[in-house]
Every structure is written in structure tokens, then in C-alpha cells.
Amino acid sequence: MPAQGLDDLIGLLSSRGYEVWGARERDDALGLMPIETAAELPRGRVEAAEAGRVRLVEGPRDAVFDHTLPMHGLKRLVHPAEEKLYATGPDLVARDEAVAANPVAVLGVRPCDLAALETLTQVFEGGPYSDTRYRQRRDALFLVAVNCMRPAATCFCASMHTGPRAEAGFDLSLDELLDGDRHVFLVTAGSARGREILAELPGEAACAADLDAAEAGSRACAAAQQRRMVEGVEGLLKRNLEHPHWSEVAERCLSCANCTMVCPTCFCNTLEDRSSLDGAEAERWRRWDSCFTLDFSYLHGGAVRRETASRYRQWMTHKLSHWHDQFGMSGCVGCGRCIGWCPVGIDITAEAAAIAASEQGQTRSGDET
Amino acid sequence: MKPTLAVWKFSSCDGCQLTLLDCEDELLELAETVTIAHFLEATRSRQPGPYDISLVEGSVTTAGEVERIRQIRRDSRLLVTIGACATAGGVQALRNARDHAAFKAAVYPSPQFIDALDTSTPIADHVPVDFELRGCPIDKRQLLETITALLKGRKPVLPDYSQCVECKLAGTVCVMVAHATPCMGPVTQGGCGNLCPRVGRGCYGCFGPKENANTEMLAAEFAALGADRRTIRDLFGNVTAGAPAFAAERARHDG
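The numbering scheme is per chain: residues are counted from 1 as the chain's sequence reads. By the order in which they are written, chains take letters starting at A while ligands take numbers starting at 1. Two thresholds apply to this predicted model, a pLDDT of at least 70 for residue-level local features and 80 or more for giving and counting side-chain atom pairs, whereas whole-chain, interface and lining totals are computed over all residues. Only heavy atoms go into the side-chain values, all of them from the structure, while hydrogens and water stay out.

1. Description of the state of the cysteines
All names here are of chain A.
Here is step 1: We call a pair of cysteine sulfur atoms a disulfide when they lie within 2.5 Å. Summed over all chains, the structure comprises zero disulfides over all chains.
Here is step 2: Cys148 forms no disulfide, and the closest cysteine sulfur to it belongs to Cys221, at a distance of 5.4 Å.
Here is step 3: Partly exposed residues are those whose accessible area sits between 20% and 50% of the maximum for their type, while under 20% is buried and over 50% is exposed, using a 1.4 Å probe and protein chains only. The buried category is assigned to Cys148, whose relative accessible area is 10%.
Here is step 4: The thiol of Cys253 is unpaired, and the distance to the nearest cysteine sulfur, on Cys259, comes to 6.5 Å.

Right, here's the structure in full:
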């Protein structure tokens, strides 16, 4: 598909009733929001991301998708930050709030965010009870993935085996091939409705050279990642629940909860009841919660996790270790948002590496004696 | 008989009481639900105590106020302090760590007539307080939620999370991470409705320290962003400068 085909794609999706969303520049950052034309995408812009810093700058070339991730992933679309669940009155009959799940096509979903969506599906539907509100919103999504050709410095999907190439979980996927004046997209369908759209897109069948170039781009992107999660982190953290490093992290951690808010898989929420002044009407709301707050661990008589060290440990061990026990998979997809959007730049890969290094150090000193 | 509500003013600017009048749509309903027994900003008519709920604005800055708050406490079933002055001492608490006599001499031609304590202190330093509403001014929704909950005998829903959570719930871009703007949000309790960061400004800390506020690390980050000592001191020296966590951090960057 020629580069201009992006607008054809947006048009085809719109004509099928989808509101098309993509990454757009807003307040000097990328936000996931509705777009009308491909010209609104941050062409040529990339994130100069580091621990605690996310800045948008001019990239080295004129690619549409050299940027990586909007601040929030798909989580907001399937698990809103706040929502009313039901209302009730003097009859005490709960009236469910209908889910307003308008069809949305997201253009430019990265492989890590696709993996995060799979993770959320496992969380909301994997057990004996299924969250019907999640399913209605998930069914309303049409996903156009983009395979990454350039990592941000905070990316570590290769070590989490979630990217930089999407194998499944999309309706369409794009590889952006930019070579001199030639600017095309390799389009792959991953579902029946994706194939319908693909059949109507301009362009011709892909040649072997383009397929090779796409694969090579993904390999180069994986190789260029500066961060990686240590091998065997699930067991590593379980063996080190009393490690002094948790207190060391707590000296830096602000317990502000930013990491959990931007994490595309952090699903914790709380229920709040609101009532009218006269007490005749009441509503139940659900909103995102975070294990970094005091209230989160409030049980009868007080909060269990008073110290920041125990909150950080709870988050990281749940994400990387106990998620396996609970959901049969890792809770981390390697998107690096928690690293970039932490105001003080705490790096989950570095914290894991520090604990791993101390273990190796202990083994060595044990060998010597 | 309807429950009675009283509103009291100590050393303050009246802005928090004004939030009650700002309720507009809900004000008439509130007036039907409770008897407003004492609220000088709204009416001259006064009814004697006891009162079911007292809302107390302002800090304690004179010997007379020390006596008056004790009487109000005796007259009130529930005492709720409202705003940064009542909960942290207000901007006037900046004098607490300074030479009060020198301030008086610098400001007033006849300082001998100024009958004020050397410190400005929150209400809770003087009498037991049932609930605190933070903010400068307080948030209207939190005020209505608190009155509604207390009238029904349930616990008000008042989050103790950081301002960052409010930003992220609202989808506001982090001004520190994306713009390198020093922001008090990570150590400040949320509740204002994300007022400053959503227009690209750093949080001023009006709601005071969140629990577990790691001010030392945030101050180090301000320095890494290029803020000098005085700037860092002043960031911790706004309307909640008297709150212990902020006062201690401010002191580390003073002088």
C-alpha cells in the first residue's frame, strides 16, 4: 500500500462506522485520541524517552510511525478510569448503567499494547466470572497494529517476548517501509474483517524483498533496544521478598502511583458509592485504584502496606512474579511506560537487575569461602 | 427536626466558606436538608448551639482564637476543618519559623497594637477534629460529599492518593516528565480536580502533603531539573507550608 493509503484506510474504517483513533501530539506528548486524517499523526516525530523523561523531538527521517507509545495504552478504551456501574433509588432496585461502547478503530497499536490487551482479557475474562462491560468494549475495537522499526530508549519488549513484531491479536498490521523516495506499507490481515478492509485498500501484492525488509526491520528494532528484563525474573523476585533493595527503592519512590496509572495491564479498581443529599438516590462507581496508595491495602483496623517499600514490592512482584500464579502469564509487556512516566525515573528493569546482581554476588562470595 | 450546620471563621480569607455559597444548584437543597444555624458570611441570624456539624475555616493566630475554638468544639457534635489554613496553618504559617516581632515591625507603623501569637497553627493542634477537608480553597464536591455522608452516618469518600492519580485519571500530560516543570503533585494529596497541571502548570501543593510524602526525593528531582535552592524552598512554602512534611523540606533548603 502506498503511504497515502493511510487515508484510504481511515476512510474505509469510518465508512464502516468506526471512530478512528491514533497517537496525536497534545501538550508536547502523545495521546491516543480520535483522528480524521493521517496528517494528524505525528509524522517524523519520535520520543526522546529516558527514565523520568518523555520528550517529543524531530526524528531522523520522515516516517509516520517512528514514534512509539501514547501516554496511555488501550486500557482506557476497555477499562475506563471512572465509570458508573449502576444507580438505585428508594425501591433499592439496581439499574445498570449501559456501556456506551461505540465502535473504535485504533490505528498504530504497538505489539506490546496488543499483548497488554491479551493480558487484560485474561484478567477480566480468564476466570470463572467474566466482566461483561469489558467484553462489550473489547468487541467494539478494530485494531490496526504497527510493527515497530525503532525502539524508544525505555522499550524492552524483546526481552518480554511481546514485540517488536505482532504475530496475532490484530485485525490488520502495518510495516512501514521507507527507503529513499519509496514509502509504502506492508499490510497483513489478521482477521476476517481485516481481510475485508485489505481487499479494498490500494496497492499490490507484497514482494519477497518487502517481506524480508519488514522482518529485518523488526530484528533490527529488537537488537536496538537498550533495556532488557533479566532472565528468570519470576523466580528471582520470589526468592528475594526480603531483599534490602526494596528499602533502597523506597528511598527514591514517591508512591505517587504514576507507574500503575500508565501501565497498560494494571487493572486494579475500587468501588465508590455516591448518594444524593437527601439520601433518596445512590450510585455505584468504579475507578482505577493503585497498590501505591494507603487506602488500597486498608483492611479491618488499618492499612497493611504502610511503608513505600512494601508497596513497591507488591507492585513489582505482582507484575513480574505472582501474575504467573494468578493468570498464567507475566503482567509486564515491556512497554517501558512506567520507566518514562515515573517523575523520578525508577526503572523496573534496573531494579530487577540490581536484585539479580546481588544474588550473583552472594553466589560468588559463597564460592570463595 | 433538621440537623443543624454552623460555619465558623478563624484567621483566613473566607474563600472556603464561599465554597459553600458557590454550591449554587445544591445550596437550596442543602438549606432544606439542614438548618443553617450560624453562617455569618451568608446571614446575620444566629442560633445558639449545640450544632450537629460545625465547619471551621481558618487557623489559630491569637489567644482569643484558642479560647473560641474550644467553645466551638464543646458546642459541636462533629467538627470538620475546611481548607489549608484550618488544616495546615495557611500561608500565614510562613511566620512560624521566623522572627514574628521583626515581621510586625516591618509591616505595621505601630506594632505594639498587634495582638497575635508567634505562630499560625491548624485547628487540630488545639481541639480534636473529626474530619479535615484540604485545599485552598476546598473542593465543592468534597464538601458536599462530606456533608452528605455525615448526615447519613457513612464515611465520606475522600481519596488519600497523590495529585498524580487525578492527573492520570483525567488523562492530563505530566508536566514534570514531559515539560520538566517542577510540580508538587507527587507529594500532594489529590482532590482539587486537577486544576493546575491540566493547564500546564506545576501543582502548588494546596491540598498539603499526601500520606508517606517523599519530599526529599522530589526536592532532589527539582534540583535535577535545574531548580535552585530558593526555588525549591519556595515550592514547599505555599499555603500548606506549615504542614510538617512540607515545613521540614522547606527548612532543608532555607538559608
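2. Observations concerning the domain arrangement of chain B
Residues and elements named next belong to chain B.
Here is step 1: You can read the domains of chain B as domain 1 (4–152) and domain 2 (163–252).
Here is step 2: Those domain boundaries reflect an automatic or database domain assignment. The straight-line distance from the C-alpha centre of domain 1 to that of domain 2 is 25 Å.
Here is step 3: Residue contacts are counted whenever heavy atoms from the two residues lie within 4.5 Å of one another. At the interface, 14 residues of domain 1 touch 18 residues of domain 2.
Here is step 4: Around 1100 Å² of area is buried between domain 1 and domain 2 when both sides are counted, 54% of it from carbon and sulfur atoms.
Here is step 5: When residues of domain 1 are sorted by the area they lose upon contact with domain 2, Ala88, Leu94 and Arg134 head the list and together hold 43% of the total. Buried surface area refers to the total accessible area, computed with a probe of radius 1.4 Å, that the two partners give up upon joining, counted for both partners together.

3. Considerations on the pattern of salt bridges
Here is step 1: By salt bridge we mean one thing: a side-chain nitrogen of Lys or Arg within 4 Å of a carboxyl oxygen of Asp or Glu. Tallying each qualifying case throughout the model produces 51 salt bridges over all chains.
Here is step 2: Here A:Glu82 and A:Arg274 are joined by a salt bridge, their closest N and O atoms 3.7 Å apart. Here the residue A:Glu82 occupies a position in strand 5 (residues 82–88), and A:Arg274 occupies one in strand 11 (residues 269–275), the gap between them amounting to 192 residues.
Here is step 3: Under the relative-accessibility criterion, A:Glu82 is labelled partly exposed at 38%.
Here is step 4: The partner of B:Arg233 in a salt bridge is B:Asp254, and the shortest N-O contact between them spans 3.2 Å. Placement of the pair is B:Arg233 in helix 10 (residues 229–235) and B:Asp254 in the segment after helix 11 (244–252), with a sequence separation of 21 residues.
Here is step 5: Members of the salt-bridge network, linked through shared partners, are B:Arg98, B:Arg230, B:Arg233, B:Asp234, B:Arg250 and B:Asp254. In this text, helices come from DSSP runs of H or I with a minimum length of four residues, and strands from runs of E with a minimum of two, each type numbered from the N-terminal end.

4. Let's talk about the environment of B:Pro3
Residue and element names in this part refer to chain B.
Here is step 1: Tracing the sequence through the fold places Pro3 in the segment before strand 1 (4–9).
Here is step 2: Relative accessible area serves as the criterion here: at 25%, Pro3 is assigned to the partly exposed category.
Here is step 3: Measuring from C-alpha to C-alpha, the distance between Pro3 and Val34 comes to 5.1 Å, with 31 residues separating the pair along the chain.
Here is step 4: Apart from residues lying up to four places away in sequence, Pro3 is in contact with Thr33, Val34, Thr35, Asp52 and Leu151.

5. Regarding the pairing of strand 11 of chain A
Residues and elements named next belong to chain A.
Here is step 1: In this structure, strand 11 lies alongside strand 12 (residues 282–288), joined through seven bridges in antiparallel fashion. Bridge pairing in strand 12 links Glu272 to Trp285.
Here is step 2: Only strands that DSSP links by at least two bridges are regarded as paired with each other. In this antiparallel pair of consecutive strands, strand 11 and strand 12, the connection spans six residues, and Gly279 shows a positive phi of 80°.

6. Here's the deal with the sheet that holds strand 11 of chain A
Here is step 1: Pairing within the open sheet is antiparallel, and its four strands lie in the order 6-5-12-11 (chain A). Pairing within the sheet leaves two strands with one partner each, and these edge strands are strand 6 (95–96) and strand 11 of chain A.

7. Regarding the interface of chain A and chain B
Here is step 1: Each partner contributes residues to the interface: chain A has 45 residues there, and chain B has 36 residues.
Here is step 2: When the two sides are added together, the surface that chain A and chain B hide from each other amounts to roughly 3400 Å², 56% of it contributed by carbon and sulfur.
Here is step 3: For the pair chain A and chain B, the interface holds two salt bridges.
Here is step 4: The shortest N-O distance in the salt bridge between B:Glu211 and A:Arg311 comes to 2.9 Å.
Here is step 5: What qualifies as a polar contact is a pair of N or O atoms within 3.5 Å, subject to a donor-acceptor requirement within protein and to the restriction that residues adjacent in sequence count only when both atoms come from side chains. Our count for the chain A to chain B interface comes out at 19 residue pairs in polar contact (both at pLDDT 80 or more).
Here is step 6: Secondary-structure elements contributing two or more residues to the side of chain A that touches chain B are strand 4 (53–58), helix 9 (245–252), helix 10 (258–262), strand 11, strand 12 and helix 11 (308–327) of chain A.
Here is step 7: The element best represented in the side of chain A that touches chain B is strand 11 of chain A, accounting for four residues.

8. Points about the packing of aromatic side chains
Here is step 1: By convention, a stacked pair of Phe, Tyr or Trp rings (six-membered ring in the case of Trp) has centres within 6.5 Å and planes under 30 degrees apart, an edge-to-face pair has planes over 60 apart, and any other such pair is tilted. Applying the stated criterion across every chain yields a total of 14 aromatic pairs over all chains.
Here is step 2: Taking 4.9 Å as the distance between ring centres and 20° as the angle between the ring planes, the aromatic pair formed by A:Phe124 and A:Tyr134 counts as stacked. Placement of the pair is A:Phe124 in helix 3 (residues 111–125) and A:Tyr134 in helix 4 (residues 132–139), with a sequence separation of ten residues.
Here is step 3: By relative accessible area, A:Phe124 is classed as buried at 9%.
Here is step 4: Among the aromatic residues, ring-to-ring pairing joins A:Phe124, A:Tyr134, A:Phe267, A:Trp323 and A:Phe327 into one connected group.
Here is step 5: Our definition puts a charge over a ring when NZ of Lys or CZ of Arg is within 6 Å of the ring centre and also within 35 degrees of the ring normal. The ring centre of A:Trp285 lies 4.0 Å from the NZ or CZ of A:Arg274, which sits over that ring.
Here is step 6: Note that B:Arg68 overlies the ring of B:Phe10, its terminal NZ or CZ placed 4.1 Å from the centroid.

9. Focus on the packing of helix 9 (residues 215–224) of chain B against helix 11 of chain B
Residues and elements named next belong to chain B.
Here is step 1: Axis definition: a line fitted to C-alpha atoms, over the contacting stretch in the case of helices. Angles run 0 to 180 degrees between N-to-C directions. One way to put it is that helix 9 packs onto helix 11 with a least axis distance of 10 Å and a crossing angle of 45°. Judged by the angle between their axes, helix 9 and helix 11 are oblique. Of the two elements, helix 9 crosses helix 11, and the hand of that crossing is right-handed. Facing helix 9, whose interface residues are Thr215, Glu216 and Ala219, helix 11 presents Ala245, Phe246, Glu249 and Arg252. The labels follow the angle: roughly parallel below 35 degrees, roughly antiparallel above 145, roughly perpendicular from 65 to 115, and oblique for the rest. Left-handed describes a crossing in which the near helix is turned anticlockwise from the far one by less than a right angle; the clockwise case is right-handed.

10. A word on helix 11 of chain A
Residues and elements named next belong to chain A.
Here is step 1: Think of it this way: the bend at a residue is just the angle between two axes, each fitted to seven residues, one set ending at that residue and the other starting at it. Along helix 11, the helix axis deviates most sharply at His318, where the bend reaches about 55°.
Here is step 2: With 14 of its 20 residues buried, helix 11 lies for the most part within the structure.
Here is step 3: Positive backbone phi, approximately 75°, marks Gly328, located one or two places after helix 11.

11. Describing unusual backbone geometry
Here is step 1: The residue after A:Gly163, namely A:Pro164, is reached through a cis peptide bond having omega 5°.
Here is step 2: With respect to the helices, strands and loops of the structure, A:Pro164 is situated in the loop between helix 5 (157–160) and strand 9 (172–179).
Here is step 3: Following B:Cys136, the chain continues to B:Pro137 via a peptide bond in cis, the omega torsion being 0°.
Here is step 4: Tracing the backbone shows B:Pro137 in the loop between strand 5 (131–133) and helix 6 (140–152).
Here is step 5: Positive phi values are uncommon outside glycine, yet A:Ser255 reaches one of about 45°.
Here is step 6: With respect to the secondary-structure elements, A:Ser255 resides in the loop between helix 9 and helix 10.
Here is step 7: Even without being glycine, B:Glu24 reaches a positive phi, approximately 45°.

12. Overview of the nonpolar core
Nonpolar side chains in soluble globular proteins tend to end up buried together.
Here is step 1: The term nonpolar core refers to a set of buried residues drawn from Ala, Val, Leu, Ile, Met, Phe, Trp, Tyr and Cys, joined through side-chain atoms within 4.5 Å. Grouped together as the largest cluster of nonpolar side chains are 65 residues, with contacts concentrated most on A:Tyr312, A:Trp315, A:Met316, A:Leu320, A:Trp341, A:Ile348 and B:Phe222.
Here is step 2: Ranked by the residues each element gives to this core, the list is headed by helix 11 of chain A, at five residues.
Here is step 3: Not counting chain neighbours up to four residues away, the residues in contact with A:Trp315 comprise A:Cys259, A:Thr260, A:Cys266, A:Cys291, A:Phe292, A:Cys338 and A:Ile348.
Here is step 4: Within the second largest apolar cluster, 25 residues are counted, among which are A:Tyr18, A:Ala38, A:Leu41 and A:Val144.

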